[in-house]
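Listed here are the chains, written in short residue letters.
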Amino acid sequence: MEGPSGISARPVEAVGTSEHGSYVKQGVYAGYPPANFGATATLTLTDCILIGNFAGFHGGGIANGGTATLTNCTLSGNSARAGGGGIANGGIDNSATLTLRSTIVANSPAGGDCVMYVDSTITDNGHNLIEDATNLCGLTNGVNGNIVGVDPLLSPLAANGGPTQTHALCTGAGVPDASCTGKSPAIDAVPTAACVDAQGDSLTTDQRGYGRPQGPACDIGAYESGAQPATVCAGDCSGNQAVDIDEIIILVNIALGSAAPATCPSGIPPGASVDVGLIIQAVNNAQRGCTEV
Ligand SMILES: [Ca+2]
Ligand SMILES: [Ca+2]
């Protein structure tokens with residue numbers, strides 16, 4: 001396999017596709033080089049993550065030979081042997097147009113985060129975070145709210161609620177994961193007026209379907225830190241609609257002051273304090289299923 005294992009923006013896979021909340025891992029691939037790879041191919045992704053894909057040639061996460069529009073996506077851990085680990089814009093045969101808004105591209109083991117080839121253009125709609133200060137698709141740190149050359153501080157893929165795994169944003173050292181070294185620069189980096197989808201309408205949910213914005217502004221990427229499901233199952237810190245003993249222990253530690261509330265991102269109802277009453281609710285939910293919300 002020499003082509004992208006992520007998404008190849010060509011007609012067969014991706015004409016007019018608009019996937020909200022997609023999760024692409026070792027995903028869509030149907031041969032390379034595609035004979036009909038054309039400049040009419042379009043790919044529109046919103047609130048999506050592309051994780052751990054690999055291309056033997058260009059474009060591990062996305063190989064764009066048409067028109068690709070990414071809004072609040074998170075690309076991490078994607079590789080390409082020839083270049084464009086996260087995204088290859090052009091370099092395939094056709095002219096290519098890439099539009100990035102509020103998107104994270106980071107942690108590309110090979111090929112760089114985002115590489116432009118001949119006959120490719122980028123529309124920078126701002127507030128993107130590209131970790132790679134060399135392969136950055138022409139973005140400039142500090143221009144249009146872009147953040148370049150900075151680690152987004154993603155916590156590992158985990159079940160944080162919603163239908164797929166997500167990369168939560170680190171909110172502080174050790175929170176929500178021991179690997180976190182501080183607060184992610186992606187948090188609250190998108191002013192609410194700029195927090196819109198590809199059609200210019202307000203983007204009101206994250207990858208999990210939880211509400212945006214939280215706090216004073218939207219976060220860059222697919223995950224909105226601090227967002228809660230519309231109905232909170234008390235004690236269900238992971239958001240998988242079940243409460244287990246580890247989650248009870250997390251709540252006890254929060255109640256005792258030895259853990260931060262952020263260690264239970266999905267299991268504390270808005271405005272609720274973690275006290276004996278909430279812990280009893282959580283125990284009931286562990287025994288009976290999520291009935292106490
Ligand atoms: Ca926010
Ligand atoms: Ca749970």
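No experiment lies behind these values; they were computed from the predicted model shown. (Residues numbered from 1 in each chain as written. Chains lettered and ligands numbered in written order. Predicted model: local features only at pLDDT ≥ 70, side-chain atom pairs only at ≥ 80, totals over all residues.)

(A) Quick look at the overall build of the protein chain. A tally of regular secondary structure across the protein chain gives three helices and 21 strands. Counting only contacts in the protein chain whose residues sit at least 6 apart along the sequence, the fraction spanning at least 24 positions is 66%. (Helix = DSSP H or I, 4+ residues; strand = E, 2+ residues; numbered from the N terminus. Contact = placed C-beta atoms within 7 Å.)

(B) Molecular detail of helix H3 (residues 276-288). An ideal rise of 1.5 Å per residue puts 18 Å on 13 residues; H3 measures up with 18 Å between its terminal C-alpha atoms. Buried within H3 are the following residues: Leu278, Gln281, Ala282 and Asn285. Buried residues of H3, viewed axially, fall in a sector of 100 degrees; they line one side. H3 presents Val276, Gln287 and Arg288 as exposed residues on the side facing more than 90 degrees away from its buried surface. Those residues of H3 that are buried lie in contact with helix H2 (245-256). Of the residues flanking the end of H3, it is Gly289, one or two places downstream, whose phi is positive at about 90 degrees. (Expected span 1.5 Å × (residues − 1). Buried ≥ 20, exposed ≤ 12 C-beta atoms within 10 Å, placed from the backbone. Arc of directions from axis to C-beta.)

(C) Inspection of the pairing of strand E12 (residues 96-101) at higher detail. The pairing of strand E8 (residues 67-71) with E12 spans five bridges and is parallel. The residue of E12 that forms the bridge with Leu70 is Leu100. Looking at chain direction, E12 and strand E15 (residues 120-124) are connected through five bridges and run parallel. Among the inter-strand pairings, Thr97 is bridged to a residue of E15, identified as Thr121. (Pairing = 2+ DSSP bridges.)

(D) Layout of the pairing of strand E4 (residues 42-46). In terms of residue burial, E4 counts as a mostly covered element, since four of its five residues are buried. Sheet topology note: the E4/E8 ladder contains five bridges and is parallel. Following the sheet pairing, Thr46 is matched in E8 by Thr71.

(E) Focus on the environment of Asn253. Here Asn253 lies in helix H2. C-alpha separation for the pair Asn253 and Thr263, spaced 10 residues apart in sequence, amounts to 9.6 Å. Excluding anything up to four places from it in sequence, Asn253 contacts Ser258 and Ala259.

(F) Geometry of unusual backbone geometry. Across the junction of Val175 and Pro176, the peptide omega takes the value 0 degrees, indicating a cis bond. Tracing the chain through its elements places Pro176 in the loop between strand E20 (171-173) and strand E21 (181-183). Following Arg212, the chain continues into Pro213 via a peptide bond in cis, with omega recorded as -15 degrees. Locating Pro213 in the fold gives a position in the loop between E21 and H2. A positive phi is found at Asn72, a non-glycine position, where the angle reads about 50 degrees. Checked against the element boundaries, Asn72 lands in the loop between E8 and strand E9 (74-76). Accessibility expressed as a C-beta count within 10 Å gives 32 for Asn72, which makes it buried.

(G) The arrangement of the environment of Ala41 in detail. One can find Ala41 in the loop between strand E3 (23-24) and E4. For Ala41, a count of 25 C-beta atoms within 10 Å corresponds to the buried category. For the pair Ala41 and Thr67, spaced 26 residues apart in the sequence, the C-alpha separation amounts to 6.1 Å.

(H) Up close: the confidence of the model for the protein chain. Confidence along the protein chain averages 85 in pLDDT terms, with 85% of residues attaining 70 or more. Under a pLDDT of 50 for its full length, residues 8-22 has, in the predicted model, 52 contacts with residues more than four places off or in other chains. Every residue in residues 25-37 is under pLDDT 50, and counting partners more than four places away or in other chains gives 36 contacts. (pLDDT = per-residue confidence, 0-100.)

(I) Local environment of H2. A rise of 1.5 Å per residue sets the reference length of H2, with its 12 residues, at 16 Å; its end C-alpha atoms lie 17 Å apart and thus fit the reference within 8%. Buried within H2 are the following residues: Glu247, Ile250, Leu251 and Ile254. The buried side chains of H2 occupy one side of the element, clustering within an arc of 95 degrees when seen end-on. Opposite the buried face of H2, at more than 90 degrees from it, the exposed residues are Ile245, Asp246, Ile249 and Leu256. Looking at the buried side of H2, the elements it contacts are H3. Positioned one or two residues after H2, Gly257 has a phi angle of 85 degrees, which is positive.

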